[in-house]
Amino acid sequence: MGHNARQHNHTHYLSNPMEMKSLNTGQSIKGFTLIELLVVIAIVGILSSVVLASLNSARLKSRDTRRLADIKQIQNAITLYFDANAVYPTDIYAPGVLAPTYIPAVPKDPVGQVDYFYAALDTNGDAATCESFHLGATLEETTNKVLGGDIDAAVATECTGSAADFDGADPIYDQTL
């Protein structure tokens, strides 16, 4: 009878779909079906793509915030330079012009570490002295609200030795003095 009882366990239908009987030992084995695993993998994939998309947007905003802070720091250093020299510098990235006297290091764009836009401007017709400047950075988020409050300056006459001026139209955040 012990032998027949064992055979009877092999043909027993399961009342719990998560529970399977081992054919050899008669012990219960619990597990997930292939369909259930595929559904879970699909849900995880969809959720991860949503998280990555919002993470990318946060990184973009973070880089733009850094650009705005960098422009403000450079603007402050240029103002300190002007107070000491009565003219604006022709090249803010030249060694010893702003850094380290007026700013520890002149910041660069967080993507590619390229220089921000800068042009020393001539406003009185004497190109040897720089009476103004134009400073800017290209923002990645073209709908950034600060773009509505910047200068959007057109190209002006630069001083001798300065880089060519740039058009400050959006998406460039620009300041001038």
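Treat the numbers as computed from the prediction; the structure is a model and nothing was measured.

The rules behind the values
All chains use their own residue numbering, which begins from 1 and follows the written sequence. At least 70 in pLDDT is required for a residue's local features to be given in this predicted model, at least 80 for side-chain atom pairs to be given and counted, and no such filter applies to totals for whole chains, interfaces and linings, which use all residues. Calculated side-chain values reflect all of the structure's heavy atoms, with hydrogen atoms and water omitted. Numbering of helices and strands starts at the N terminus; helices are DSSP runs of H or I of at least 4 residues and strands are runs of E of at least 2. Between buried and exposed lies partly exposed: a residue is buried under 20% and exposed over 50% of the maximum accessible area for its type, with that area taken using a 1.4 Å probe on protein chains only. Residues are treated as being in contact if the distance between any of their heavy atoms lies within 4.5 Å. By convention in these notes, a salt bridge is any Lys or Arg side-chain nitrogen within 4 Å of a carboxyl oxygen on Asp or Glu. Known as pLDDT, the predictor's confidence for each residue is given on a scale from 0 to 100. Disulfides are defined as pairs of cysteine sulfur atoms found within 2.5 Å of each other. One bridge is not enough; two strands pair if DSSP finds at least two bridges between them. Helix axes are fitted only over the stretch in contact, all axes being lines through C-alpha atoms; the angle between N-to-C directions runs from 0 to 180 degrees.

A. Up close: the environment of threonine 123. Structurally, the position occupied by threonine 123 is in the loop between β3 (117–121) and β4 (132–138). What makes threonine 123 exposed here is its relative accessible area of 56%. A C-alpha to C-alpha distance of 9.6 Å links threonine 123 and phenylalanine 133, two positions 10 residues apart in sequence. Not counting chain neighbours up to four residues away, the residues in contact with threonine 123 comprise Glu131 and Ser132.

B. Region of interest: the pattern of salt bridges. Following the criterion strictly, the structure yields 6 salt bridges and no others. Of the charged contacts, one joins aspartate 64 and arginine 67 as a salt bridge, the two residues approaching to 2.8 Å between their closest N and O atoms. Remark: arginine 67 and aspartate 64 occur in helix α2 (residues 34–85); sequence separation between them is 3 residues, near one turn of the helix. Owing to a relative accessible area of 0%, aspartate 64 belongs among the buried residues under this scheme. Two residues, aspartate 70 and arginine 66, come together in a salt bridge whose shortest N-O distance is 3.7 Å. Of the two residues, aspartate 70 and arginine 66 both sit in helix α2, 4 residues apart, roughly one turn of that helix. For aspartate 70, a relative accessible area of 7% puts it in the buried group. Salt bridges sharing partners connect three or more residues here, namely Arg63, Asp64, Arg67, Asp109 and Glu140.

C. View of the confidence of the model for the protein. Taken residue by residue, the protein gives an average pLDDT of 87. The fraction at 70 or more is 84%. In this model residues 8–12 is a low-confidence stretch, pLDDT under 50, and it forms 3 contacts with partners more than four residues away in sequence or in other chains.

D. Up close: the state of the cysteines. Within the structure shown, the criterion is met by 1 disulfide. At a sulfur-sulfur separation of 2.5 Å, the disulfide partner of cysteine 130 is cysteine 159. Here cysteine 130, found in the loop between β3 and β4, pairs with cysteine 159, found in the loop between β4 and β5 (172–176); they are 29 residues apart in sequence, far enough to count as distant. For cysteine 159, a relative accessible area of 3% puts it in the buried group.

E. Structural view of the sheet that holds β5. Across the sheet, 3 strands lie side by side as β3-β4-β5; this open sheet has antiparallel pairing. In the strand order of this sheet, the two ends are held by β3 and β5, each with one partner. Neighbour to neighbour, the strand axes of the sheet diverge by 15 degrees on average, direction disregarded. Of the strand pairs in this sheet, β3 and β4 are connected by 5 bridges, and their pairing is antiparallel. Each residue of the ladder has a partner; that of alanine 119, found in β4, is histidine 134. Sheet strands touched by α2: β3, β4 and β5. Its angle to β4, the strand with the most contacts, is close to 165 degrees.

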